[in-house]
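Structural overview
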Amino acid sequence: MIKEFIEKIPKAELHIHLEGSIEPEMLLTLAERNKLRLKYNTIDEVKGAYKFKDLRDFLYIYTQGTRVLKKAEDFYDITKAYLSKVYSQNVLHAEIFIDFQTYSKRGIASEMIMDGVVSAIKGAKSDLGISTYLILAFLRHLGAKEAMKTLQEGLKYKDKIIGVGLASTELGFPPELFEEVFEEARKAGFKTTAHAGEEGPAEYVRNSIDILKVDRVDHGNRAMDDPELVKDIVKKQIPLTLCPLSNIALGNVKSLESHTLKKKLDMGMLVSVNSDDPAYFGGYVNENLIAVQKALALDAIDIVKLAKNSFVSSFLPKEKKEYFLDLINAAEL
Ligand code: ADE
Ligand code: ZN
């Protein structure tokens with residue numbers, strides 16, 4: 001059974017926003033613990049509100065959800081819950097986006113966030129063996145100056161954060177606005193990634209690669225509109241972290257059947273499957289893989305390729321990548 005094959009195969013998740021993993025039950029628990037009034041009282045009411053017109057509409061609800069996070073233990077609990085969940089899906093390595101900007105406005109210091117998140121990561125490493133990296137996201141709608149400040153804050157945790165990324169509303173906030181920030185980040189030794197071509201045009205993908213010089217692109221769907229860009233992405237083997245269920249939930253792709261994932265795979269693009277915001281979009285990595293397998297008739301060879309790509313596209317050092325690739329080769333599936 002291909003479903004069991006998908007569930008069992010060792011894999012990495014490279015595109016997940018920590019706040020996007022707060023399940024409705026956790027949201028209600030944290031709201032109660034922090035004495036916060038929400039618009040919802042039941043899990044069904046929360047779920048009922050998770051219908052989005054587009055990315056902007058989603059980001060509004062998602063940001064509302066982050067209000068339940070107030071203390072280090074809240075960040076600890078959501079990180080632990082995410083890592084435990086994905087470990088049960090045979091995710092052996094995760095690269096998680098964290099955000100400081102949403103919280104600094106509310107007087108929540110980065111120290112508190114990192115305190116909770118890092119202790120959950122350490123616990124998951126020792127209890128489960130799962131490895132985790134953190135990527136600090138810049139919220140592009142807040143502009144380059146704020147991103148630069150956030151980078152300076154991130155430098156305090158240089159030993160705990162592997163890289164930086166560009167997230168939030170894409171349209172109207174092109175990558176070139178952040179050229180200087182990314183140059184500084186690269187000089188400081190951070191890996192880099194940027195959301196591009198999720199809702200924005202192929203040009204945003206092109207400029208993320210050429211101007212921001214990113215190591216990888218998040219989504220990158222719209223790169224397909226520019227054949228020269230596609231050739232370049234294949235030649236340079238720039239990883240694209242695809243998030244199929246997210247694309248459907250946000251209306252960026254009409255149907256899973258029309259998703260270009262299989263086309264990209266067949267063209268030799270280094271694509272992986274990720275969840276983006278699993279609590280909001282209907283599933284974690286395995287649910288994403290199972291859905292695209294069905295819609296695009298992926299076979300076991302495709303699944304193995306996607307699982308291998310997830311490690312190859314990671315920010316892990318070469319020897320760790322080889323270790324995980326050997327695990328896939330040796331796995332009895
Ligand atoms: N932040 C959380 N989810 C996101 C998405 N899908 N695109 C951009 N920024 C995000
Ligand atoms: Zn994302």
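Refer to the structure above for everything that follows.
Rules of the game
- Residues numbered from 1 in each chain as written.
- Chains lettered and ligands numbered in written order.
- Predicted model: local features only at pLDDT ≥ 70, side-chain atom pairs only at ≥ 80, totals over all residues.
- Heavy atoms only, no water.
- Helix = DSSP H or I, 4+ residues; strand = E, 2+ residues; numbered from the N terminus.
- Rg over C-alpha atoms; globule rule 2.2 N^0.38 Å.
- Buried < 20%, exposed > 50% of the residue type's maximum accessible area, 1.4 Å probe, protein only.
- Contact = heavy atoms within 4.5 Å.
- Areas by Shrake-Rupley, 256 points an atom, 1.4 Å probe, with all protein chains shown as cover.
- Lys, Arg positive; Asp, Glu negative; His and termini not counted.
- Charge placed at Lys NZ, Arg CZ, Asp CG, Glu CD.
- Salt bridge = Lys/Arg side-chain N within 4 Å of Asp/Glu carboxyl O.
- Pairing = 2+ DSSP bridges.
- Right-handed = clockwise from strand over helix to strand, strands pointing away.
- Donors = N, O, S within 2.8 Å, 3.2 Å for Na, K, Ca; no water.
- Tetrahedral: all angles 85-135°; square planar, octahedral: opposite > 155°, others 65-115°.
- Phe/Tyr/Trp six-rings, centres within 6.5 Å; stacked < 30°, edge-to-face > 60°.
- Lys NZ or Arg CZ within 6 Å of the ring centre and 35° of its normal.
- Near = heavy atom within 4 Å.
- Polar contact = N/O pair within 3.5 Å; in protein donor to acceptor, adjacent residues only side chain to side chain.
- Nonpolar A, V, L, I, M, F, W, Y, C, P; charged D, E, K, R; others polar.

Time to look at the overall build of the chain. In terms of regular secondary structure, the chain is built from 17 helices and eight strands. Relative to a compact globule of 333 residues, whose C-alpha radius of gyration would be 20 Å, the chain shows 19 Å and is just as compact. Each principal axis of the C-alpha atoms in the chain carries an extent, and together these give about 50 × 45 × 40 Å. Sorting the 333 residues of the chain into buried and exposed places 57% on the buried side. Taking the contacts inside the chain whose residues are at least 6 apart along the sequence as the reference set, 77% of them involve residues at least 24 apart. Within the structure as shown, the chain displays about 14200 Å² of accessible surface, and the carbon and sulfur contribution to it stands at 53%. Of note, the chain has its 46 positive side-chain charges centred 1 Å away from the centre of its 49 negative side-chain charges.

With that out of the way, let us pick up the environment of Thr63. Relative to the elements of secondary structure, Thr63 occurs in helix 4 (residues 55–65). For Thr63, a relative accessible area of 35% gives the class partly exposed. Sequence separation between Thr63 and Glu19 is 44 residues, and the spatial gap between their C-alpha atoms is 8.4 Å. Those residues in contact with Thr63 that lie beyond four places of it in its chain are Thr102 and Arg106.

Turning to the pattern of salt bridges, a few remarks are in order. Per the counting criterion, the structure on display carries 18 salt bridges. Across the salt bridge formed by Glu73 and Arg33, the nearest N and O atoms sit 3.6 Å from each other. With a gap of 40 residues between them, Glu73 in helix 5 (residues 72–87) and Arg33 in helix 2 (residues 24–33) connect regions that are remote in the sequence. What makes Arg33 partly exposed here is its relative accessible area of 30%.

Here we take up the pairing of strand 5 (residues 191–196). Counting buried positions over the six residues of strand 5 gives five, a clear majority of the element. Bridge analysis of strand 4 (residues 163–167) against strand 5 gives four bridges, and the strand direction is parallel. Across the sheet, Gly165 pairs through a bridge with Thr193, a residue of strand 5. With helix 9 (residues 179–187) bridging strand 4 and the parallel strand 5, this β-α-β connection has right-handed handedness. In this structure, strand 5 lies alongside strand 6 (residues 216–219), joined through four bridges in parallel fashion. In the strand pairing of strand 6, Thr193 is matched with Arg216. Crossover handedness for the path strand 5 to helix 10 (residues 202–210) to strand 6: right-handed.

Only His15 (NE2), His17 (NE2), His195 (NE2) and Asp276 (OD) from the protein reach the zinc ion (ligand 2) as donors, at distances of 2.0 to 2.2 Å. In this structure, the zinc ion (ligand 2) is coordinated by four donor atoms arranged in irregular fashion, with angles at the metal of 85 to 171°. Counting the intervening residues between successive donors of the zinc ion (ligand 2) yields the motif H-x1-H-x177-H-x80-D. Of this pair, His15 sits in strand 1 (residues 11–17) while Asp276 is found in the loop between strand 8 (271–273) and helix 14 (278–281), placing the two residues 261 residues apart along the sequence. Just as His15 is buried, Asp276 falls in that class too.

For the rest of this paragraph, the subject is the packing of aromatic side chains. What characterises a pair of aromatic rings is the spacing of the ring centres plus the angle enclosed by the ring planes. All chains considered together, the criterion is met by 15 aromatic pairs. Aromatic rings pair up to connect Tyr50, Phe52, Phe58, Tyr62, Tyr280 and Phe281 into one cluster. Seen from the ring of Tyr284, Lys85 lies directly overhead, with NZ or CZ sitting 5.3 Å from the centre. Sitting above the plane of the Phe190 ring, Lys158 keeps its charged end 4.8 Å from the centroid.

Taken together, 13 residues sit near ligand 1, with His17, Ser168, Glu198, Asp276 and Asp277 positioned nearest. The side chain of Asp276 places a nitrogen or oxygen atom 2.7 Å from a nitrogen atom of ligand 1. In this structure, a nitrogen atom belonging to ligand 1 sits 2.7 Å away from a side-chain N or O atom of Asp277. Starting from 260 Å² of accessible surface for ligand 1 in isolation, the protein chains cover 98%. The element best represented in the shell around ligand 1 is helix 4, accounting for four residues. Each residue belonging to the shell around ligand 1 can be placed in one class, and the counts come to six nonpolar, four polar and three charged.

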